[in-house]
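Below, each chain spelled out in residue letters.
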There are 2 protein chains.
Amino acid sequence: MDNNPLTTDRPDQRPMTNDLFAGIEAGGTKFVVAVGTGPDDLRAETRFPTTTPEETLARTVAFLQEQEQALGPLAAIGAAAFGPLDPDPASPAYGRITTTPKPGWAQTDFVGALRQHFDVPVGFDTDVNGAALGEQRWGAAQGLDTFIYLTIGTGIGGGGLVNGKLMHGLLHPEMGHIRIPHDRQADPFPGTCPFHGDCLEGLASGPAIEARWGQRAETLPSDHPAWELEAHYLALGLATFICTLSPQRIILGGGVMAQAQLFPKIQRGVQTLLNNYVQVPEILQGIDTYIVPPALGNRAGVLGAMALAQQASAH
Amino acid sequence: MDNNPLTTDRPDQRPMTNDLFAGIEAGGTKFVVAVGTGPDDLRAETRFPTTTPEETLARTVAFLQEQEQALGPLAAIGAAAFGPLDPDPASPAYGRITTTPKPGWAQTDFVGALRQHFDVPVGFDTDVNGAALGEQRWGAAQGLDTFIYLTIGTGIGGGGLVNGKLMHGLLHPEMGHIRIPHDRQADPFPGTCPFHGDCLEGLASGPAIEARWGQRAETLPSDHPAWELEAHYLALGLATFICTLSPQRIILGGGVMAQAQLFPKIQRGVQTLLNNYVQVPEILQGIDTYIVPPALGNRAGVLGAMALAQQASAH
């Protein structure tokens, strides 16, 4: 895999200029805001907890204004946010976080709050679409036009590119909420999703692991049976995404995937579930480079937001 | 819904010219071959059973040669075929039906057989991608850039467009082979899929219905419990595709969907499964125009093939 950000012949992946971009990783528990020209040239970064929309967005704006004074004008701003949100510029609700259950945040006009202070292009998308775009530009999906990025953590979310563009359609994917087979004799845990009970997120998110086993996921030893079960559910999800989308690669990030022992289990599980039906070398022989961690690691979020800024400035 | 093929402002959906296109609907049991300028101007059509590749393709070629003599030269040929197949022009196996279990057809060089006799652009894709393209051009998906077309019949297959282009990725989707929850107490039937047992196709294809209930699906009365169960499985599949792809519309064709009573059951089932999580009016209020039959009806296959021809000639 070629991870050199300057080596590319794709017109939409040209090398970074000296333009300054701001990336806002807007998570449900913390915000990370960075300014720079690219992953190897981050000039400033800050992080703070997500409180009320007013306070959190004001802090974001203040930080970016300080950086403009110190470093010069921003060329564009990108925000990769928790959702659901409206990423469609043609929609009346564009730029808002919409129906989130997160207290205080429903219908927050995120882009509007930025536009009050900055007269530059703003990119706005889901955290996972942002991370996917960052991985395509600088990470584990360079040269690919159809792939997905999943985060397995507090929730399970998925995004990606299909035919070279970010996935939107009607709104945006909600990959964590697919239903998967759930053998209640083997695993009587009913699932944690308030909407769907035992959907993929309800069975396999970090909080689901904690609720099922009575201790936080990261405290379970690496040979605990929790991980076989977790890999089984994630493999079921991935097999579904493969049959539905035929992605060229699947990138798995998020806190739960810090458990590196999950990768081989998931890879083998996907092969077993597909049972040689999808006859492509990527799955039959190359699954260890087909299902991979993000190359940008824990910077995938904020760099993804910066990639959204770069994309917005190019439009 | 606007079904007038001449009413469109999309550049890729311009009105047909006088160019003659050939469409080949290559099904596992029959071939349909047609020549014309568009859906309202089919000049010739034939159908014959699918036998050996040699015989069936020779018959296809002979028919097209006759039409060229009678009507003039073809501008392009499109083939929409059963699969799996290789639709990637950059691949060594491009133009082949690849690993099909259909006797004699594995590794058939479909496009090569046409190119031996015709020096025109050839479009080649799955039957469902072809049908999706036809519905976008002339049918139930006009103006949409992200939607799926599913056929529920001898098998279950799915294709579509995402971001305005046909779905390919690694190969092409195999939507019939997703796993869905299967309550074996309510439905002990083990499924018919030789690869996966109780995947969606294994539980809900026409042969699955026949094997479960001991009589052909079309002979079951419309109030038979078979249809509630069928709608439940299809709703599970559709909810998964909605969460994964966020399509702007879902078109359901194929022999099983001739049972019109399935549509309202599936529509209600999808709403129940999503449980107001995806807050868009298309699903919350407009589901009767969101999950729809093909506007091209049983001509979707051959017109889809003709749309592939038209697309190939425009490239």
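Cut-off values and rules
- Residues numbered from 1 in each chain as written.
- Chains lettered and ligands numbered in written order.
- Predicted model: local features only at pLDDT ≥ 70, side-chain atom pairs only at ≥ 80, totals over all residues.
- Heavy atoms only, no water.
- Contact = heavy atoms within 4.5 Å.
- Buried area = accessible area lost by both parts, 1.4 Å probe.
- Salt bridge = Lys/Arg side-chain N within 4 Å of Asp/Glu carboxyl O.
- Helix = DSSP H or I, 4+ residues; strand = E, 2+ residues; numbered from the N terminus.
- Nonpolar A, V, L, I, M, F, W, Y, C, P; charged D, E, K, R; others polar.
- Buried < 20%, exposed > 50% of the residue type's maximum accessible area, 1.4 Å probe, protein only.
- Lys, Arg positive; Asp, Glu negative; His and termini not counted.
- Pairing = 2+ DSSP bridges.
- Axes fitted to C-alpha atoms, helices over the stretch in contact; angles between N-to-C directions.
- Polar contact = N/O pair within 3.5 Å; in protein donor to acceptor, adjacent residues only side chain to side chain.
- Expected span 1.5 Å × (residues − 1).
- Least-squares fit on C-alpha atoms with pLDDT ≥ 70 in both.
- Core = buried A, V, L, I, M, F, W, Y, C linked by side-chain atoms within 4.5 Å.

## Describing the interface of chain A and chain B
Then comes step 1: With 41 residues of chain A at the interface, the matching set in chain B holds 41 residues.
Then comes step 2: When residues of chain A are sorted by the area they lose upon contact with chain B, A:L170, A:R179 and A:Y277 head the list and together hold 21% of the total.
Then comes step 3: On inspection of chain A and its partner chain B, the count reaches zero salt bridges.
Then comes step 4: Those elements that place two or more of their residues in the side of chain A that touches chain B are β10 (165-166), α6 (225-245), α7 (262-274) and α8 (281-284) of chain A.
Then comes step 5: Per-element tally for the side of chain A that touches chain B: the top contributor is α6(A), with six residues.
Then comes step 6: Considering only residue class, the side of chain A that touches chain B consists of 22 nonpolar, 15 polar and four charged.

## Some points on the side chain of B:D125
Then comes step 1: Among the secondary structure elements, B:D125 is positioned in strand β7 (residues 122-126).
Then comes step 2: Here B:D125 sits buried without a salt bridge, and the closest side chain of opposite charge, B:R137, lies 11 Å off (N-O distance).

## What to know about the sheet that holds strand β11 (residues 250-253) of chain B
Whenever strands of a sheet pair, they do so through backbone hydrogen bonds, lying parallel or antiparallel.
All names here are of chain B.
Then comes step 1: Read across the sheet, five strands follow the order β10-β9-β8-β11-β12 without closing on themselves; strand pairing throughout is mixed. Of all the strands in the sheet, just β10 (165-166) and β12 (291-292) have a single pairing partner and so form its edges.
Then comes step 2: As paired elements, strand β9 (residues 156-162) and β10 share two bridges and run antiparallel to each other. Counterpart to V162 in the pairing with β10 is K165.

## Some details on the sheet that holds strand β4 (residues 76-81) of chain A
All names here are of chain A.
Then comes step 1: Reading across the sheet, the five strands line up as β3-β2-β1-β4-β7 and stay open at both edges, with mixed pairing between neighbours. Looking at the sheet topology across the chains shown, the edges are occupied by β3 (41-49) and β7 (122-126). Across this sheet, the average inter-strand angle for adjacent strands is 15 degrees, counted without regard to direction.
Then comes step 2: Where strand β1 (residues 21-26) meets strand β2 (residues 30-38), six bridges bridge the pair, whose relative direction is antiparallel. In the strand pairing of β2, I24 is matched with V33.

## Topic: the environment of A:S205
Residues and elements named next belong to chain A.
Then comes step 1: Its location among the elements puts S205 in the loop between α4 (200-204) and α5 (206-213).
Then comes step 2: On the basis of relative accessible area, S205 is assigned to the buried category, the value being 1%.
Then comes step 3: Spatially, the C-alpha atoms of S205 and T154 are 5.9 Å apart, while their sequence positions differ by 51 residues.
Then comes step 4: Not counting residues within four places of it along the chain, the set of residues in contact with S205 comprises G153, T154, G155, I156, T192, L200 and V256.

## Structural notes on the side chain of A:D187
Residue and element names in this part refer to chain A.
Then comes step 1: With respect to the helices and strands, the residue D187 is situated in the loop between β10 and α4.
Then comes step 2: Here Y233 takes part through its side chain, which lies 2.5 Å from a polar atom of the side chain of D187.
Then comes step 3: D187 has contacts with H182, L203, R212, L229 and Y233, leaving out every residue within four places of it along the chain.

## What about α6(A)?
Residues and elements named next belong to chain A.
Then comes step 1: The first and last C-alpha atoms of α6 sit 30 Å apart over 21 residues, in line with the 30 Å expected at 1.5 Å per residue.
Then comes step 2: For α6, a buried count of 18 out of 21 residues is recorded, marking the element as mostly surrounded by other parts of the structure.
Then comes step 3: Just beyond α6, the residue with positive phi is S246, at close to 55 degrees.

## So, the relation of the copies chain A and chain B
Then comes step 1: Placing chain A over chain B gives an RMSD of 0.0 Å and needs a rotation angle of 180 degrees, together with 0.0 Å of translation along the axis. Taken together, the rotation and translation relating the two chain copies correspond to the operation of a two-fold axis. Using C-alpha coordinates, one finds that chain A approaches the rotation axis most closely at A:P181, a distance of 2.0 Å.

## Focus: the nonpolar core
Soluble globular proteins: nonpolar side chains tend toward being buried together.
Then comes step 1: Core analysis: the largest hydrophobic core is formed by 96 residues, its most contacted members being A:I266, A:I291, B:I266 and B:I291.
Then comes step 2: With sequence-adjacent residues up to four places away left out, A:I291 is seen in contact with A:L238, A:I250, A:L252, A:F263, A:I266, A:Q267 and A:V270.

## Observations concerning the environment of B:I283
Then comes step 1: Tracing the chain through its elements places B:I283 in helix α8 (residues 281-284).
Then comes step 2: By relative accessible area, B:I283 is classed as buried at 2%.
Then comes step 3: C-alpha of B:I283 to C-alpha of B:T126: the two residues are 157 residues apart in sequence and 28 Å apart in space.
Then comes step 4: Setting aside anything within four residues of it in sequence, one finds B:I283 in contact with A:L170, B:I242, B:Q271, B:L274, B:V278 and B:Y290.

## A word on unusual backbone geometry
Residue and element names in this part refer to chain A.
Then comes step 1: The step from G83 to P84 runs through a cis peptide bond, and the omega angle for that step is 0 degrees.
Then comes step 2: With respect to the helices, strands and loops of the structure, P84 is situated in the loop between β4 and β5 (96-97).
Then comes step 3: If you check the backbone angles, N276 has positive phi at about 65 degrees while not being a glycine.

## Things to note about helix α9 (residues 300-314) of chain A
All names here are of chain A.
Then comes step 1: With 15 residues, α9 should reach 21 Å at 1.5 Å per residue; the first-to-last C-alpha distance of 21 Å fits that figure.
Then comes step 2: Of all 15 residues making up α9, 12 are buried, and the element is well covered by its neighbours.
Then comes step 3: Turning to α9, its buried residues are A300, G301, V302, L303, G304, A305, M306, A307, L308, A309, Q310 and A312.

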